[in-house]
Amino acid sequence: MNALKSQVVADAVEEIIKQAENRLPVDVIKALVGARDTETDKTATSQLDAILENISIADDRSIPMCQDTGILVFFVEIGRDARIGFDLDGAIYQGVKQATNSVPLRPNAVEPLTRLNSGDNTGDGLPDINYSFKDGKAITITVAPKGAGSENMSAFRMLKPSQVGSVKDFVVETVQNAGGMPCPPIIVGVGIGGSFDKSARLAKRSLLRNLGDMDEYELDILQAINSLGIGPMGLGGRTTALAVHVEKAHCHTASLPVSVNIQCWANRHASVTLDAGYDLTHLSEQYKTRHHPIEQHITKHHLTEQHKTRHHPAEQHITKHHLIEQHKTRHHPIEQHKTKHHLTEQHKTRHHLAEKHMTGQDVPHHLTTPLTRDDIMELQAGDIVYLSGTIYTARDEAHLRILELTNEGKPLPFDLEGAALYHCGPLMQKDKGGWRTVAAGPTTSARMTDMTPQVLDNYNVRAIIGKGGMKNIAPVLEERCVYLAYTGGCAALAVDMIKDVRDVHWLDLGMPEAVWVLEVENFGPLVVGVDAKGRDLYEEVLGLALK
């Protein structure tokens with residue numbers, strides 16, 4: 001009998017990373033479909049429509065559903081009788097490196113102080129590997145990619161033992177403070193007890209549970225969260241969270257640690273079980289029989305009989321090559337997204353149908369960059385916009401460099417007159433000497449809030465595209481710029497609207513932080529989240545939540 005080999009583990013890790021990045025677990029899809037079916041708010045409906053279509057595109061094309069492929073968190077259960085004659089950490093690291101190239105993954109791992117990017121998603125302490133033990137000789141490896149947009153909204157509080165009744169309030173407060181930034185509808189993981197660090201690990205591990213598995217305590221917190229009305233992407237609606245999962249551990253008599261780990265709608269995770277008693281030479285066969293292949297949950301042409309009888313009717317679920325029957329007219333068969341370099345009639349139809357669900361003016365605005373002041377002054381909060389022309393990606397480091405060069409009196413290598421800045425760290429891949437866009441959804445705009453006033457004071461940027469809004473930004477934008485919201489996490493959906501990567505600047509900052517010059521056609525639908533007249537939809541939604 002051959003022993004399990006390091007390369008087999010590395011290949012298995014590569015495979016589950018690919019599955020996690022490209023395909024959501026069925027319980028998550030069911031929860032999103034359920035949210036869509038019960039939603040009454042038109043803007044919220046359109047956001048959920050986009051999410052469901054994005055899921056289908058990513059699955060069909062085997063591309064990451066979100067450009068933030070996250071940091072890789074692993075949960076490894078080792079059989080007490082397993083024989084491991086190699087460096088298991090090293091094998092997992094190798095699998096991450098392989099996946100960075102093959103999936104591909106956006107290089108996200110940076111040294112915390114210098115911010116230098118390792119380029120392969122590994123580094124000191126990354127990937128994050130958590131070990132536990134079980135009976136038998138098998139090894140089960142679960143990967144859970146964790147993006148920063150949701151992770152950054154997580155919170156910890158050391159409550160007093162007498163404050164047990166305040167746990168619910170703390171969880172709801174955390175979600176309320178997060179607003180639209182973590183790409184709701186979210187999943188809320190809560191760890192209660194243990195120690196400072198134990199509670200956080202409990203909260204994160206709870207995100208692996210089936211979303212339909214909630215007790216009365218968890219359902220009570222979920223109801224309180226959804227009563228806030230924050231809704232999908234923070235623009236209002238019935239569903240702010242899909243689930244609340246609480247994990248507990250005994251703690252010191254004098255303390256009550258509580259951690260809240262927020263996960264975006266893309267609750268990505270996948271597992272593989274390897275027998276440590278033999279050499280697995282056919283990973284695909286092992287994977288097909290032991291895990292969660294698409295055939296078991298989202299079949300190519302129909303759901304299995306098992307799902308037809310145990311769950312909602314087949315037409316209420318997404319199939320591999322088309323969206324659920326109920327949404328066929330609202331979403332579009334994946335075949336309609338096959339063409340990358342031109343806008344198909346099907347996309348035009350999709351845009352038109354999405355427009356029907358949005359608030360604001362019934363007739364969308366089709367604008368071309370560079371934008372004028374007159375262009376943006378016509379827009380009202382809630383209006384729908386489609387952009388064509390050139391847009392520039394710009395995240396934290398790009399904003400810092402723009403301001404650094406500006407303060408030094410040096411010119412920028414690109415023209416921001418009438419420009420649209422896209423808060424986006426795209427996933428790009430080299431293609432015949434150039435670059436192609438793999439995934440390009442929005443990043444959390446709040447990180448750029450403090451730098452935006454100085455940018456607008458020096459350059460006539462007319463539109464900012466992002467997600468989650470920017471606190472107290474309305475007075476800064478007034479009379480000169482608008483904030484356009486694009487559905488968070490819908491990175492695969494954006495690809496067909498990006499016609500060309502015209503240039504890239506400051507690649508020394510790393511792929512996510514560089515300024516990418518993108519040529520787009522009918523990029524949208526974009527919701528006017530903050531107009532140039534002082535109205536901020538995000539603040540209005542949060543204001544209602546506070547009441």
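Values in this document were obtained by computation on a predicted structure and should not be read as measured data. (Residues numbered from 1 in each chain as written. Predicted model: local features only at pLDDT ≥ 70, side-chain atom pairs only at ≥ 80, totals over all residues. Heavy atoms only, no water.)

Draft legend 1. Quick peek at the overall build of the protein chain. Along the protein chain, the regular secondary structure elements total 18 helices and 17 strands. Across the 547 residues of the protein chain, 60% fall into the buried class. At a minimum sequence separation of 6, the contacts of the protein chain that also span at least 24 residues come to 74%. Approximately 21900 Å² of the protein chain is accessible, and the part contributed by carbon and sulfur atoms is 50%. (Helix = DSSP H or I, 4+ residues; strand = E, 2+ residues; numbered from the N terminus. Buried < 20%, exposed > 50% of the residue type's maximum accessible area, 1.4 Å probe, protein only. Contact = heavy atoms within 4.5 Å. Areas by Shrake-Rupley, 256 points an atom, 1.4 Å probe, with all protein chains shown as cover.)

Draft legend 2. Structural detail: the sheet that holds strand 6 (residues 241-249). What the four strands build is an open sheet, ordered 4-7-5-6; its pairing is mixed. Lying at the two open borders of the sheet, with one neighbouring strand each, are strand 4 (155-159) and strand 6. Looking at each pair of strands side by side, their axes are set apart by 15 degrees on average, direction ignored. On top of the sheet, helix 6 (residues 167-178) reaches strand 4, strand 5 (186-193) and strand 7 (256-263); it is set at about 35 degrees to strand 7, its chief contact. (Pairing = 2+ DSSP bridges. Axes fitted to C-alpha atoms, helices over the stretch in contact; angles between N-to-C directions.)

Draft legend 3. Region of interest: the packing of helix 1 (residues 6-22) against helix 4 (residues 88-102). At a minimum axis separation of 7 Å, helix 1 and helix 4 run at an interaxial angle of 45 degrees. When the interaxial angle is binned, helix 1 and helix 4 end up oblique. Remark: the crossing between helix 1 and helix 4 carries right-handed chirality. Here Ser6, Gln7, Val9, Ala10, Asp11, Val13, Glu14 and Ile17 of helix 1 lie close against helix 4, whose contacting residues are Leu88, Ala91, Ile92, Gln94, Gly95, Val96, Gln98, Ala99 and Ser102. Of the residues contributing to the contact of helix 1 with helix 4, the split by class is nine nonpolar, six polar and two charged. (Parallel < 35°, antiparallel > 145°, perpendicular 65-115°, else oblique. Left-handed = near helix turned anticlockwise from the far one by under 90°. Nonpolar A, V, L, I, M, F, W, Y, C, P; charged D, E, K, R; others polar.)

Draft legend 4. Representation of the confidence of the model for the protein chain. Per-residue pLDDT for the protein chain averages 87, and the proportion of residues at 70 or more is 84%. Predicted confidence is poor over residues 278-359, with pLDDT under 50, and the contacts of this stretch with residues over four places away or in other chains come to 191 contacts. (pLDDT = per-residue confidence, 0-100.)

Draft legend 5. Highlighting empty space enclosed by the protein. Applying the stated rule across the entire model yields four cavities of 30 Å³ or more. Taken as a whole, the second largest cavity spans an internal volume of roughly 70 Å³. Along its surface, the second largest cavity is lined by Phe75, Ala144, Pro145, Lys146, Lys204, Leu207, Leu208, Gln263, Asn267, Arg268 and His269. Among the elements that take part in the lining of the second largest cavity, strand 3 (residues 138-146) stands out by supplying three residues, more than any other. When the residues that make up the lining of the second largest cavity are grouped by side-chain class, the tally is five nonpolar, three polar and three charged. (1 Å grid on protein atoms, 1.4 Å probe; cavity = no way out; pocket = protein on both sides within 12 Å on 5 of 7 lines; lining within 4 Å. Points joined across faces, edges and corners; volume = space filled by probe spheres on them.)

Draft legend 6. Layout of the nonpolar core. Among the nonpolar cores identified, the biggest contains 131 residues, and Leu32, Val188, Trp265, Leu387, Leu416, Tyr486 and Phe523 are the most heavily contacted of them. Sorting elements by how many residues they give to this core places strand 17 (residues 515-530) first, with 10 residues. For Leu416, the contacting residues outside a window of four places in its chain are Tyr392, Ile402, Leu421, Tyr459, Asn460 and Val461. Membership of the second largest hydrophobic core comes to 29 residues, among which are Val9, Ala91, Val96 and Ile139. (Core = buried A, V, L, I, M, F, W, Y, C linked by side-chain atoms within 4.5 Å.)

Draft legend 7. Focus on the sheet that holds strand 3. Taken together, four strands build an open sheet; the order of strands is 2-1-3-8 and the sheet is mixed. Of all the strands in the sheet, the pair left with one neighbour each is strand 2 (128-134) and strand 8 (270-275). The average undirected angle you get between the axes of adjacent strands in this sheet is 20 degrees. Direction of pairing for strand 1 (residues 71-79) relative to strand 2: parallel, over a ladder of seven bridges. The partner of Val76 across the bridge, within strand 2, is Tyr131. Against the sheet, helix 7 (residues 196-206) engages strand 1, strand 2 and strand 3, with an angle of about 90 degrees to strand 1.

Draft legend 8. Main features of a nonpolar patch on the surface. A cluster of nonpolar residues, Phe156, Met158 and Phe196, forms a patch on the protein surface that exposes about 310 Å² of accessible area. Looking at where Phe156 falls in the secondary structure, it is placed in strand 4. (Patch = residues over 30% accessible without salt bridge, like charges linked within 9 Å, V, L, I, M, F, W, Y side chains within 5 Å. Salt bridge = Lys/Arg side-chain N within 4 Å of Asp/Glu carboxyl O.)

Draft legend 9. Inspection of the packing of aromatic side chains at higher detail. Tallying each qualifying case throughout the model produces seven aromatic pairs. For the pair Trp435 and Trp516, a centre-to-centre distance of 5.1 Å together with 80 degrees between the ring planes defines the contact as edge-to-face. Here Trp435 is found in strand 13 (residues 434-439), whereas its partner Trp516 is found in strand 17, with 81 residues between them in sequence. What makes Trp435 partly exposed here is its relative accessible area of 23%. Judged by its relative accessible area of 0%, Trp516 is buried. (Phe/Tyr/Trp six-rings, centres within 6.5 Å; stacked < 30°, edge-to-face > 60°.)

Draft legend 10. Broad picture of the packing of helix 6 against helix 8 (residues 216-226). At a closest axis distance of 10 Å, the pairing of helix 6 and helix 8 adopts a crossing angle of 40 degrees. As far as their axial angle goes, helix 8 and helix 6 are oblique. Here helix 6 and helix 8 pass one another in a crossing that is right-handed. Mapping the contact onto sequence places Val167, Lys168, Val171, Val172 and Val175 in helix 6 and Tyr217, Asp220, Ile221, Ala224 and Ile225 in helix 8. Considered class by class, the residues forming the contact of helix 6 with helix 8 number eight nonpolar, no polar and two charged.

Draft legend 11. Examining the pattern of salt bridges more closely. Applying the stated rule across the entire model yields 23 salt bridges. As a salt-bridge pair, Asp197 and Arg201 come within 2.8 Å of each other at their nearest N and O atoms. A residue pair is termed a helical-turn pair when its members lie 3 or 4 positions apart in one helix, as Asp197 and Arg201 do in helix 7 at four residues. Take Asp197: its relative accessible area is 40%, and that puts it in the partly exposed class.

Draft legend 12. Examining the environment of Thr443 more closely. Within the secondary structure, Thr443 sits in the loop between strand 13 and helix 15 (452-458). Overall, the relative accessible area of 8% leaves Thr443 in the buried class. For Thr443, the residues in contact, after removing those within four places along its chain, are Gln67, Arg395, His423, Cys424, Met448, Gly466 and Lys467. Side chain to side chain, Thr443 and Arg395 meet in a polar contact 3.4 Å long. At a separation of 3.2 Å, a polar atom in the side chain of Thr443 contacts the side chain of Arg447. (Polar contact = N/O pair within 3.5 Å; in protein donor to acceptor, adjacent residues only side chain to side chain.)

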